[in-house]
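Here is how the chains run, residue by residue.
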Amino acid sequence: MHKINIAVPMKNTKIALLLVFLAACGSAGQPQQATEGDSLKIPAIAASPTAPAEETLIVPCERFGPIKVGDSHETIVQRFGEDQVALDTLFLEGSPEGMQTVIWQDTPKEIVVIWADLNPPYQKMSAIDAHHPGSPYRYANGIRVGMPLAELEQINGKPFKFYGFGWDYGGTFVGFAEGQLAKELPCFGGHFAPLDENSAYTQPGNDAIMGDREIRSDNPVFKKIAVKLASLRMNLPVE
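Reference entry: report on the structure contained in this document. Fair warning: this is a prediction, and the values are worked out from it, not measured in the lab.

### So, the pairing of strand β6 (residues 111-115)
Next up, step 1: The buried fraction of β6 amounts to 5 of the 5 residues, a majority that puts the element mostly inside the structure.
Next up, step 2: Burial along β6 is two-sided: the residues I111, V113 and W115 and V112 and I114 are all buried.
Next up, step 3: Pairing between strand β5 (residues 95-103) and β6: 4 bridges, direction antiparallel. Directly across from V102, in β6, lies its bridge partner V112.
Next up, step 4: Taken together, the 4 bridges between β6 and strand β7 (residues 125-130) define a ladder with antiparallel strand orientation. By the bridge assignment, V113 is partnered in β7 with I128.

Okay, here's the thing in structure tokens:
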């Protein structure tokens, strides 16, 4: 190893020693030099912030996890790859009603984009949906697929409404009424389902929560029937 000698005039010796001392100590906030006899300690470098929250976060009327409002079918394919995206017919009440793009089909990460366009290119979204029981997508306040009915009512601060069970639109969310979430979560949608549908539909006295009618989340029947948020949907305005 070559030594580098620095000539310092005698009259500047005190200044030179001060500069060497400051360099050794380092500026405030920088790691201290290891002292003799100590092992050299390299400060851990903070990991670059990963963003699982960004990948799973639902922002009202803006994004559903990695899907941004305004994405087209083509941009979704480009972003995630043809092998991860499928274009399927949307059926409502047994009849074809339009087209939908499905990303990561049959996995917990599955997202369904429903198009307002009846013909290609599909560029205008009408809704974004997630319904897998293990879906990771959620709002900042924790609302997620699988959330118990009572827990969502508690967040809202008041009872809310959805359609009765046992028909094609059974359990579909109607509105938060005058609750806290009415303003916080525009574009919110989804549907509810009993944890045990067979017993819920057959038990005597449950007619009050069945059929084509609006029901409230505080209906007394729900004291004996467990109900969950079975899907999350972002309903988007269609011009």
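### Some points on the state of the cysteines
Next up, step 1: Summed over the entire model, instances satisfying the criterion amount to 1 disulfide.
Next up, step 2: Disulfide partner of C61: C187, at an S-S distance of 1.9 Å. Across the S-S bond of C61 and C187 the torsion is about 100 degrees, and the bridge reads as right-handed. One end of the pair, C61, is in the loop between β1 (57-59) and β2 (63-64); the other, C187, is in the loop between α5 (181-184) and β11 (188-194), with 126 residues separating them in the sequence.

### Some remarks on the packing of aromatic side chains
Next up, step 1: Scanning the entire structure with this criterion turns up 17 aromatic pairs.
Next up, step 2: With a centroid separation of 6.5 Å and 80 degrees between ring planes, the pair formed by F165 and F222 is classed as edge-to-face. Within this pair, whereas F165 is found in the loop between β9 (161-163) and β10 (173-175), its partner F222 is found in the loop between β12 (214-216) and β13 (227-235), the two being separated by 57 residues in sequence.
Next up, step 3: On the accessibility criterion, F165 (2% relative accessible area) is buried.
Next up, step 4: With relative accessibility at 12%, the residue F222 sits in the buried group.
Next up, step 5: Taking 4.6 Å as the distance between ring centres and 55 degrees as the angle between the ring planes, the aromatic pair formed by F173 and F176 counts as tilted. You'll find F173 and F176 in the same group, each marked buried.
Next up, step 6: Put simply, the rings of Y139, F160, F162, F165, F173, F176, F188, F192 and F222 pair up and form one aromatic cluster.

Reading the values: rules and limits
- Residues numbered from 1 in each chain as written.
- Predicted model: local features only at pLDDT ≥ 70, side-chain atom pairs only at ≥ 80, totals over all residues.
- Heavy atoms only, no water.
- Buried < 20%, exposed > 50% of the residue type's maximum accessible area, 1.4 Å probe, protein only.
- Helix = DSSP H or I, 4+ residues; strand = E, 2+ residues; numbered from the N terminus.
- Pairing = 2+ DSSP bridges.
- Disulfide = S-S within 2.5 Å.
- Phe/Tyr/Trp six-rings, centres within 6.5 Å; stacked < 30°, edge-to-face > 60°.

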